[in-house]
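Notes for the structure review
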Amino acid sequence: MEIIIGKNAGFCYGVQRAVNKALEEVKKNKTYCLGEMVHNQNVIDKLENLGICFIKTIEESKGNTIIRAHGEPKSVYKKAKEMGINLIDLTCPSVLKIQNLADEYSKKGYFIIIVGKANHPEVIGIKSRAGSDYSIIENKTEISELLNIINNKKKVLLISQTTHSSKKFDEIAQELKNNINSDVKLEIKKTICPSTEIRQKETEEIAKKVDLMIIIGDKRSSNTNKLYDIACNFCNNVLFVSNETEINLDKFNGIKSVGIMAGASTPKEDIFKIKDLLLNNNY
Ligand code: SF4
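Residues numbered from 1 in each chain as written. Predicted model: local features only at pLDDT ≥ 70, side-chain atom pairs only at ≥ 80, totals over all residues. Heavy atoms only, no water.

**Notes on the site of the ligand**
Surveying the vicinity of the ligand reveals the residues Cys12, Tyr13, Gly14, Ala69, Cys92, Ser94, Thr162, Cys193, Ser195 and Thr196. Of all the secondary-structure elements, those providing two or more residues to the shell around the ligand are helix H1 (13-28) and helix H8 (194-209). Its residues assigned to classes, the shell around the ligand shows 5 nonpolar, 5 polar and no charged. (Near = heavy atom within 4 Å. Helix = DSSP H or I, 4+ residues; strand = E, 2+ residues; numbered from the N terminus. Nonpolar A, V, L, I, M, F, W, Y, C, P; charged D, E, K, R; others polar.)

Below, the structure written as structure tokens:
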């Protein structure tokens, strides 16, 4: 059986950077991490075993505290300062760029449309920099409800959560261009992380040519769910597993080619464990 593993499968550079730095810090000092470092329970359990203490609110911190790659709202920085907490800010540079855009354009008086999931930590961090004049949407169908508001504005900025679907963002941008009044200044910044786009494209390419596709990642991971949706569009046989224990080998009977992709929050070792499982069972 041929096994094709995506070159871009697994930890993105922002998550890898945060995990590496967290491992360095915990060796030196007691270290807290605000929120889950990644949406992946296996990784969280491992970090916890090494001594990182995960907390839900900054108020629970008693010392050095990691801000994870998704970033945090402005209120967290303010509270940490008041409490005298040392923050180890590992917000991904790509997320930081969007936070800065939201900050800059809200100060310039723009209405900001954020494309993404309203309850995602990254979006919560971005909206905290967007002032009070913003809206969060996921699909182009939501543009029609927004037109009444934005056609009364002078300037509108469209930005995106880093891990949103590139295709959906393009559809939203096009819908806006088609319907916004010509006297409203529209700025579009496609802030989807390049690593997300590349991973989505690679998932499509592999899914088109294999009999069965495996997507590895935590079911709560937004970017992994998108990879699953993309794979399902191009392959009739897609498994979504969080690790090798969820692989049912019966599904591989008669399968000649398998593609493997993994989300940005999946460690490489989870990918190799699944590859080894298939190889060790003579698939
Ligand atoms: S997906 Fe992109 S933006 Fe998000 S943490 Fe990874 S590298 Fe950074």
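**Examining the packing of helix H6 (residues 143-150) against helix H7 (residues 166-179)**
With their axes 11 Å apart at the nearest point, H6 and H7 run at an angle of 45° to one another. Taken together, H6 and H7 sit at an angle that is classed as oblique. Handedness of the crossing formed by H6 with H7: right-handed. Contact with H6, carried on its side by Ile143, Leu147 and Ile150, involves Ile172, Glu175, Leu176 and Asn179 of H7 and no other residues of that element. Looking at the contact of H6 with H7, its residues break down into 5 nonpolar, 1 polar and 1 charged. (Axes fitted to C-alpha atoms, helices over the stretch in contact; angles between N-to-C directions. Parallel < 35°, antiparallel > 145°, perpendicular 65-115°, else oblique. Left-handed = near helix turned anticlockwise from the far one by under 90°. Contact = heavy atoms within 4.5 Å.)

**Let's talk about the pairing of strand S6 (residues 111-115)**
Taken across its 5 residues, S6 has 5 buried, putting it largely inside the fold. The alternating pattern of S6 places Phe111, Ile113 and Val115 on one face and Ile112 and Ile114 on the opposite face, and all of these are buried. Of the pairings in the sheet, the one linking S6 to strand S8 (residues 155-160) comprises 5 bridges and is parallel in character. Paired with Val115 across the two strands is Ser160, which belongs to S8. Of the pairings in the sheet, the one linking S6 to strand S7 (residues 134-137) comprises 4 bridges and is parallel in character. By the bridge assignment, Val115 is partnered in S7 with Ile137. Taking the sense of rotation as the criterion, the β-α-β connection linking S6, helix H5 (residues 121-127) and S7 turns out right-handed. (Buried < 20%, exposed > 50% of the residue type's maximum accessible area, 1.4 Å probe, protein only. Pairing = 2+ DSSP bridges. Right-handed = clockwise from strand over helix to strand, strands pointing away.)

**A few points about the domain arrangement of the protein chain**
Annotation of the protein chain at the domain level lists domain 1 (2-9 + 194-280), domain 2 (14-92) and domain 3 (94-188). Averaged C-alpha coordinates put domain 1 and domain 2 at centres separated by 29 Å. Domain 1 puts 11 residues into the contact, and the matching count from domain 2 is 9 residues. Both sides of the domain 1 and domain 2 interface together cover about 730 Å² of buried area, and 37% of this is carbon and sulfur. Of all residues in domain 1, Asp218, Arg220 and Ser265 bury the most surface against domain 2, accounting for 56% of the area lost on that side. Our count for the contact surface shared by domain 1 and domain 2 stands at 2 salt bridges. (Domains from an automatic or database assignment. Buried area = accessible area lost by both parts, 1.4 Å probe. Salt bridge = Lys/Arg side-chain N within 4 Å of Asp/Glu carboxyl O.)

**Let's talk about the packing of aromatic side chains**
For the structure shown, the criterion picks out 2 aromatic pairs. A ring pair is formed by Tyr105 and Tyr110, whose centres lie 4.7 Å apart and whose planes are at 75°; its orientation type is edge-to-face. Under the relative-accessibility criterion, Tyr110 is labelled buried at 4%. Of note, Lys108 hangs over the ring of Tyr105, and the distance from its end group to the ring centre comes to 4.3 Å. Here Lys219 stacks its cationic end above the ring of Phe240, 5.0 Å away from the centre of that ring. (Phe/Tyr/Trp six-rings, centres within 6.5 Å; stacked < 30°, edge-to-face > 60°. Lys NZ or Arg CZ within 6 Å of the ring centre and 35° of its normal.)

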